[in-house]
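# Structural features, examined
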Amino acid sequence: MKAFELKRYYAIALDPIHIGTGGYRIGRVDNTIVREPATGIPKIPGTTIEGVCRSYAFLKAMEEGKSINPVCAKGKVKSESEQPCGKCEICVTFGFSRKDRSMQAMALFSDTRILFFPVATMIGPVWVTCPMVLKDAGIKEIKGSSKEDIPKPNNNTFIVPESSKINPPEEKLNFGWLLLTQDKDNSKKTDTSKWVYYENSKQEMLKDKIPDEILSRIVIVPDNLFSTIVNSNLEVRTSVAIDPERGAAEEGALFTYEAIPRGTVFWFDVTYQNPKHFGLNDWETNLIIKTVEDGLRYFEFLGVGGMGSRGFGRLEVIGNFLPFEEYIDALERRLETLQKETKKEEIEKICEYLRGVKSKMEKDVKDIQSLIDKVNKIFPKFCR
Ligand SMILES: [Zn+2]
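Computed from a predicted model, the values in this text were never measured in an experiment. (Residues numbered from 1 in each chain as written. Predicted model: local features only at pLDDT ≥ 70, side-chain atom pairs only at ≥ 80, totals over all residues. Heavy atoms only, no water.)

## Regarding the sheet that holds strand β12 (residues 178-182)
The mixed open sheet is built from 3 strands, whose spatial order is β10-β12-β11. Edge strands, defined here as strands with exactly one partner in the open sheet, are β10 (157-158) and β11 (172-175). Bridge analysis of β10 against β12 gives 2 bridges, and the strand direction is parallel. Among the inter-strand pairings, Phe 158 is bridged to a residue of β12, identified as Gln 182. (Pairing = 2+ DSSP bridges. Helix = DSSP H or I, 4+ residues; strand = E, 2+ residues; numbered from the N terminus.)

Structure below.
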């Protein structure tokens, strides 16, 4: 029985991302974003992703007809009569604190960090990264039977990998206001199609996760220039503050804000602790994974961070999501344990959920059948 399982996820910004230093609340925004203290590189704190994921996982559970207490979406005591239940998948996955007891989260989120950062250059967009960022993300290159670190560019130069689709004129490229020369010694000595990340001792090629439009336009810059390039190419806009009470513009309330641009590629890890190690006998890791990934799937539609209503924050999350069949297997094992421990109330909840999923699927099957019938009316016997 494994104590924990680590899963890697990538995320692509579909909108500019603004994570104000005040957290993920929507409302009056402050104009700076969260940064790594040591490097000044913007990031999304793990707590932000976790908080948003919790809300969306709750939303998904509601959508599936599960009866979950709304206080569980927050996980904290609201009043004497309004406390998180401490038993549902939201409480177990993300942790909870009641008056009588509390428990840590089974899913632990790392910070979400920039892997490839888009910059507009004279030859179109390129995605910038550096050896330090790749190393922190655990990305190496397969060379024959060994795996090696990605090469470092010389001072004030950049590397264009082999198989890259970009061709800088006169071997120079502008990254915003910064002009660099191509590193002739090290260019072509690395190939992004051989970049790999090892997950649970299995290797995962980056090209299977990151779109080719991005991977074929990567440029590697020196570590000491990465933060400067990122910070001088953030989106900075001016907007009008809206008074939330009146819904009108506040007088003289122009403010500027910065955001991580659309197209930025991030990475983050989630560590899934085995609930059985915490005395939760009827839970297992796959049930936790399903709850988190249900939440992550909503990031693409509902977004993270502030200013969601201004077209900000949508993130497409990419990872090896748990197949539905494996979730059903885990649910079956959970039912067996619950039966042994005669926890009738919990069994009833699962039955209610299964009935909900079944009736939704039946409706889908009906809809598809009627579509098939329509096609067959137009083109007889076309669809079987
Ligand atoms: Zn709960």
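## A word on the domain arrangement of the protein
As far as domains go, the protein holds domain 1 (4-111 + 235-328), domain 2 (116-226) and domain 3 (343-384). It is Arg 8, Tyr 10 and Val 265 that lose the most area in domain 1 upon contact with domain 2, and together they represent 36% of the buried surface on that side. Viewed at the interface, domain 2 and domain 1 are joined by 0 salt bridges. Within the residue set of the side of domain 1 that touches domain 2, elements represented by two or more residues are β1 (4-13), β18 (265-273) and β19 (315-319). A per-element tally of the side of domain 1 that touches domain 2 places β1 first, with 6 residues. (Domains from an automatic or database assignment. Buried area = accessible area lost by both parts, 1.4 Å probe. Salt bridge = Lys/Arg side-chain N within 4 Å of Asp/Glu carboxyl O.)

## Things to note about unusual backbone geometry
Positive phi values are uncommon outside glycine, yet Ser 163 reaches one of about 70°. On the secondary structure map, Ser 163 appears in the loop between β10 and β11. By relative accessible area, which is 43% here, Ser 163 ends up partly exposed. (Buried < 20%, exposed > 50% of the residue type's maximum accessible area, 1.4 Å probe, protein only.)

## Regarding a nonpolar patch on the surface
A cluster of nonpolar side chains, namely Phe 324, Ile 328, Leu 354 and Met 361, defines an oily patch on the protein surface of about 310 Å² accessible area. Where the nonpolar patch is concerned, the elements lending two or more residues are α8 (324-340) and α9 (344-378). Structurally, Met 361 is set in helix α9. (Patch = residues over 30% accessible without salt bridge, like charges linked within 9 Å, V, L, I, M, F, W, Y side chains within 5 Å. Areas by Shrake-Rupley, 256 points an atom, 1.4 Å probe, with all protein chains shown as cover.)

## Regarding the sheet that holds strand β14 (residues 202-205)
Spatially, β9-β8-β13-β14 is the arrangement adopted by the 4 strands of the open sheet, whose pairing is antiparallel. Edge positions in the sheet fall to β9 (146-148) and β14, since each has one partner strand and no second. Sheet twist, expressed as the mean angle between neighbouring strand axes with direction ignored, is 50°. (Axes fitted to C-alpha atoms, helices over the stretch in contact; angles between N-to-C directions.)

## Structural notes on the pairing of β14
Pairing of strand β13 (residues 195-199) with β14, which is carried by 4 bridges, proceeds in the antiparallel orientation. Its bridge partner being in β14, Tyr 197 is matched across the sheet by Glu 204. From the end of β13 to the start of β14, which pair antiparallel, there are 2 residues, and Asn 200 there has a positive phi angle of about 50°.

## A closer look at the coordination of the zinc ion
Reference values for coordination geometry: four tetrahedral donors around a metal ideally subtend 109.5 degrees, six octahedral donors ideally subtend 90 or 180 degrees. Each protein donor to the zinc ion is listed here as Cys 72 (SG), Cys 85 (SG), Cys 88 (SG) and Cys 91 (SG); together their distances run 2.3 Å. One can describe the site at the zinc ion as tetrahedral: its 4 donor atoms subtend angles covering 103 to 120° at the metal. All donors to the zinc ion come from one chain, and their sequence spacing reads C-x12-C-x2-C-x2-C. Taken together, the residues span a long stretch of sequence, with Cys 72 in the loop between α1 (46-63) and α2 (89-94) and Cys 88 in the loop between α1 and α2 at a distance of 16 residues. Relative accessible area serves as the criterion here: at 0%, Cys 72 is assigned to the buried category. (Donors = N, O, S within 2.8 Å, 3.2 Å for Na, K, Ca; no water. Tetrahedral: all angles 85-135°; square planar, octahedral: opposite > 155°, others 65-115°.)

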